[in-house]
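# Fold and geometry: a report
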Amino acid sequence: MSFSTFMRSLPSTGAAARALVSKRGGASRGGGLAARLRATLRLRRRTTAAARRASTSGAEAPGAACCPRRESSPPCRGLGAARGWGGRVDGGGAQLAPRRLASSAAVTTGAARDAPLAAGVRRPPAPRMGRALVSAPTPRLELTGRRRMSVMVPWPPADATVVDDGDDGDADTTDAFREELDRNKFRLSTNFVEKFRDERPPFGFNGLGELVYQRTYSRVLPSGEKEQWYQTVERVVNGTYNMQKRWIETHQLGWNPWRAQTSAQEMYRRIFHMKFMPPGRGLWAMGSALTEDRRLFAALNNCAFVSTERVKESPSRPFCFLMDASMLGVGVGFDTRGAETIIVKGAREVPADAPAEKYVVPDSREGWVYSVSLVLDAWFLGRVDPVFDYSAIRPAGQPIRGFGGIASGPEPLQELHEAIRGVLAPLTGNPLTVTAIVDIMNLIGKCVVSGNVRQTAEIAFGDPFDDDYVDLKDYDANPHRAAYGWTSNNSVFAELGMDYSYICERVAKNGEPGFAWLENMQRYSRMGGPPDDKDRRARGGNPCLEQTLESFELCCLVETFPNNHESIEDYKKTLKYAYLYAKTVTLGQTHWPVTNRVMLRNRRIGCSMSGVAQMIANRGLDELRRWSEEGYDAIAHYDRVYSDWLAIPRSIKTTCIKPSGTVSLLAGATPGMHYPESRFYLRRVRLSRHSELLEPLAKAGYDVEDCIDDPKSVVVAFPVDAGEGVRTAGERSLWEQLALAAFLQRHWADNQVSCTVTFDPESEAHQLPHALNYFQYQLKGVSFLPRLELGAYAQMPYEEISEAEYVKRVAGLGALDFRGLRGSDVGVPDKFCDSERCELPIVGDAGIVEGYQRMLDESGGSGSDSDESDDE
């Protein structure tokens, strides 16, 4: 058997179809490429001789198909039909020593090569550079001796097909290569996943966590049944490792399927047992068609920030970015720096004798956003005010694919167009104002959440010395804003050393504005260390203020539950997989060029803790300190290892404390660093009267009653115990709450700690300025909320109960079984960017509008969005 005949019997992989000869170890002593070519020829002669001897003796060719791996790796097992060549060739001779015998599926020499192939598989001709195939386990022949080289020979699964692009060059193989990658996605072992089918997940709070999962994160399978927890975890883990696989193979970095399977199985176990979890949007979207087919990776990120300081360069860009991100469920922060930097020229009307051209708004996210850009640019730049045709938008009430939800019809968009005109028309010929910026952003938010079927979150940042900004939530002074001012939390960029008394007078009334110390955000990682100026380009933060962000930057969060671990060693292992999930999300590109520039550089993530109150109650504050510090060091180690493996920059920052919400309910954890209002309480949840979840709840004995103010809904009550020894929010002063936030900012969070401090307006409001004077040097952001006595009313969401009442209610509950339910993906996953308001469906599925794409392209210039020029 000749060498060329042998090579023709092996499938190939695009540019990797060449027998890749790579030097193992240090620099070549033989002259680089020339030495490699000589080694290839020597190997060819030796392989031909070995194959000839094998053919003569009738023996099978040695088969040890093995992926590229380090010498310390154990031999690969269970290779199935993907076996191929593998063995060791001694540098002084031609004898091939097999590492292990080939199975019946191994490649054989002689007549075996001419045996019929499986249906649908054709034998490839000689390898050439124009041939593309999925990258698969890569068998290797090693030479030992004075010059130790390795030859990489790709070997795909038995059902793989060869794609010939008809060209010997590399130029047009990319699409075919990616198609092959898609057809050979990563999948967890079915036998492994099936072991968890009948294992009961550790949902928390007596069925509340399981209901939240079924209502919020369980997608519908092709069979029409809803996912069970073991299937959701499978989808999420498959999606995560498929993103890694796609990245590694696209960049030809060497994917190891066996190690990936082992790693993925461990991630699966830790999510299944709720030691950590992806964010709510990850549970809903990761591994679904949104990421696998449509590649909407922006939807995996929790939150974003955009600055208006360069609004003069592209007036509509910051507003449209916020709208686009919001319609993908991403909560967005924004600032008011663009005020007074651009003159509103006013829109021109269409001449009476000219035919009016109508823009037909497509029934898609892109179409809605582009229509808003047309209105904004017309009024800012003095262009013709567009006329719209809304007939293509689906009517209200129809289901939306993608994130789910129900269509709101064209009315919210029509109202937004008119509202923007109403804001900008009075400013014609004058500078853009702070109020106008916040009004437009809030009106966009109102449009996005219209009909209460789509949710998002916003936060505005402004000047603490600007009365117009500080009074935006004063609806006595600004009554017109009551209709939409609620769509954003408002904070000020506080200056270190400022007088806080003036602002705290507003805070005492309704809790706003909050405080963000941008200087601390830019200069510090953890506040316990020296300034490192890592985030000198930062311009703001996300809506819950746990992430420092540059303009147009997104953030991905992940949540860990330290109280669900037996030891610090176990927790550090969980942190490995929590980190790996978040880092993997940074591999997905967005459709915003300017965002990709920032994210490719920063790779920012946020590994968070929840159940802090339970951890302190069970293990003490000093153990929380030790776990925080050792955990932070572990994440830093993992970031060095896996960033090098992925060949990407290390993350600029990696840890935070997010407020959490529905995800912590799944695990039975207190949210973030916050404490419960009481230890024993009823948590009431509203459901549609026609929900498929009601029957299992009623059978299990849960209290289900008609909703008193909505005849279409019912209310289900869940008895909850926050945990023995857990203190309540009312037992902790505002000083203690601030101290815990500073503790976590010092020992754990290099991004930020999301902290909402509750206070008694009668006894503690006067202490606010003094507390801020002390803690301004220890925190990066904080918000406040007065504890108001609202009084008891029917069907309160939270109602304190006695321990005896709790025990009585729990005793009457049976097993809750949601298996076999059928449904449709019309629910909205989360309401918060990191707790309950950031998830939001995509409107429509039409193609990208040409003008919308042009807008994105124009926004992706080569310059930084920072005013600094010292790019690294």
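Residues numbered from 1 in each chain as written. Predicted model: local features only at pLDDT ≥ 70, side-chain atom pairs only at ≥ 80, totals over all residues. Heavy atoms only, no water.

## Regarding the overall build of the protein chain
Stated formally: Elements are defined by DSSP. Helices are runs of H or I of four residues or more, strands are runs of E of two residues or more, and each kind is numbered from the N terminus. Exposure classes here rest on a 1.4 Å probe applied to the protein chains alone. A residue is buried below 20% of its type maximum, exposed above 50%, and partly exposed in between. Every residue pair with non-hydrogen atoms within 4.5 Å of one another is taken to be in contact. Accessible areas in this description were obtained via Shrake-Rupley with a 1.4 Å probe; residue shielding takes into account the shown protein chains only.
Counting its regular elements, the protein chain contains 26 helices and 25 strands. Within the protein chain, the fraction of its 872 residues that count as buried is 58%. In the protein chain, the proportion of contacts linking residues at least 24 apart, taken out of those at least 6 apart, comes to 78%. Working note: accessible area of the protein chain is about 34,900 Å², and carbon and sulfur atoms make up 51% of it.

## A closer look at the packing of aromatic side chains
Worth spelling out the cut-off: Classification of ring pairs uses Phe, Tyr and Trp, with its six-membered ring standing for Trp, and accepts pairs whose centres are within 6.5 Å; under 30 degrees between planes counts as stacked, over 60 as edge-to-face, and the remaining range as tilted. Here, a charge over a ring is recorded when the distance from Lys NZ or Arg CZ to the ring centre is within 6 Å and its angle to the ring normal is within 35 degrees.
All told, the structure shown has 32 aromatic pairs when counted by the stated rule. Ring geometry for Phe 203 and Trp 229: centres 5.7 Å apart, planes at 65°, overall edge-to-face. Within this pair, whereas Phe 203 is found in the loop between helix 4 (190-194) and helix 5 (208-216), its partner Trp 229 is found in helix 6 (residues 229-250), the two being separated by 26 residues in sequence. Looking at Phe 203, the relative accessible area reads 16%, which means it is buried. With a centroid separation of 5.5 Å and 25° between ring planes, the pair formed by Tyr 571 and Trp 627 is classed as stacked. Residue Tyr 571 is found in helix 17 (residues 568-585), and its partner Trp 627 is found in helix 20 (residues 621-646); the two are separated by 56 residues along the sequence. Both residues of the pair, Tyr 571 and Trp 627, belong to the buried class. Sitting over the face of the ring of Trp 284, Arg 219 holds its NZ or CZ atom 4.2 Å from the ring centroid.

## Re the nonpolar core
Keep this limit in mind: To form a nonpolar core, buried Ala, Val, Leu, Ile, Met, Phe, Trp, Tyr and Cys residues must be joined to one another through side-chain atoms within 4.5 Å.
Formed by 181 residues in total, the largest nonpolar core has its most connected members in Trp 229 and Phe 515. The next biggest cluster of nonpolar side chains, apart from the first, holds 11 residues, and it includes Cys 303, Ile 459, Ala 516 and Leu 518.

## A closer look at unusual backbone geometry
Trans peptide bonds make up most of the peptide bonds, and negative phi angles are found at most residues other than glycine. Backbone torsion omega between Glu 512 and Pro 513 reads 5°, so that peptide bond is classified as cis. Along the chain, Pro 513 turns up in the loop between helix 15 (501-510) and strand 15 (514-516). Backbone geometry places Phe 205, a non-glycine residue, at a positive phi of 60°. Take Phe 205: it is sitting in the loop between helix 4 and helix 5.

## Side note on helix 15
Our working definition: What the arc measures is the spread of directions leading from the helix axis to the C-beta atoms.
Along helix 15, the residues that are buried comprise Ile 503, Cys 504, Arg 506 and Val 507. Axial view of helix 15: buried residues confined to an arc of 155°, hence all on one face. Opposite the packed face of helix 15, turned more than 90 degrees from it, sit the exposed residues Glu 505 and Lys 509. Of the surrounding elements, those touching the buried residues of helix 15 are helix 14 (467-470), strand 15, strand 23 (756-759), helix 24 (768-775) and strand 24 (781-786).

## Things to note about the sheet that holds strand 21 (residues 703-706)
Selection rule: Here the rule is simple: two strands pair whenever DSSP picks up at least two bridges between them. Axis geometry follows a simple rule: fit a line to the C-alpha atoms, using only the stretch in contact for helices, then measure angles between N-to-C directions, giving values from 0 to 180 degrees.
On the basis of which strands lie adjacent, the open sheet formed by 4 strands has the order 21-22-20-25 and antiparallel pairing. The open sheet has two edge strands with one neighbour each: strand 21 and strand 25 (798-800). Neighbour-to-neighbour, the strand axes of the sheet open up by a mean angle of 30°, direction not taken into account. Sheet topology note: the strand 21/strand 22 (residues 713-721) ladder contains 4 bridges and is antiparallel.

## Description of the pairing of strand 20 (residues 680-688)
Within strand 20, 7 of the 9 residues are buried, leaving the element largely enclosed by the surrounding structure. For strand 20 and strand 22, the ladder comprises 9 bridges, and the chain directions are antiparallel. Across the sheet, the residue bridging to Tyr 681 is Val 720, located in strand 22. Two strands pair when backbone bridges link them, and strand 20 and strand 25 are joined in this way by 3 bridges, in the antiparallel orientation. Bridge assignment links Leu 682 to a residue of strand 25, and that residue is Glu 799.

## Observations regarding the packing of helix 7 (residues 257-272) against helix 17
Put simply, the rule reads: Angle categories are assigned with fixed cut-offs, so that under 35 degrees is roughly parallel, over 145 is roughly antiparallel, 65 to 115 is roughly perpendicular, and the rest are oblique. Side-chain classes are defined by residue name, with Ala, Val, Leu, Ile, Met, Phe, Trp, Tyr, Cys and Pro counting as nonpolar, Asp, Glu, Lys and Arg as charged, and the others, Gly among them, as polar.
Where helix 7 contacts helix 17, the axes come no closer than 10 Å and their chain directions differ by 110°. The angle between helix 7 and helix 17 falls in the class roughly perpendicular. Across from Ser 263, Glu 266, Met 267 and Arg 270 in helix 7, the residues of helix 17 making contact are Asp 570, Lys 573, Thr 574, Tyr 577, Leu 580 and Tyr 581. Residue composition of the contact of helix 7 with helix 17, by class: 4 nonpolar, 2 polar and 4 charged.

## Comments concerning helix 19 (residues 612-619)
Along helix 19, the residues that are buried comprise Val 612, Ala 613, Gln 614, Met 615 and Ile 616. Those residues of helix 19 hidden inside the fold are in contact with strand 19 (605-609), helix 20 and helix 23 (734-747). Positive backbone phi, approximately 95°, marks Gly 620, located one or two places after helix 19.

## Focus: the state of the cysteines
Applied cut-off: Two cysteine sulfur atoms make up a disulfide if the distance between them is within 2.5 Å.
Inspection of the entire model under this criterion finds 0 disulfides. Here Cys 556 is not disulfide-linked; the sulfur of Cys 555 is the nearest cysteine sulfur, at 7.9 Å. For Cys 556, a relative accessible area of 1% translates into the label buried.

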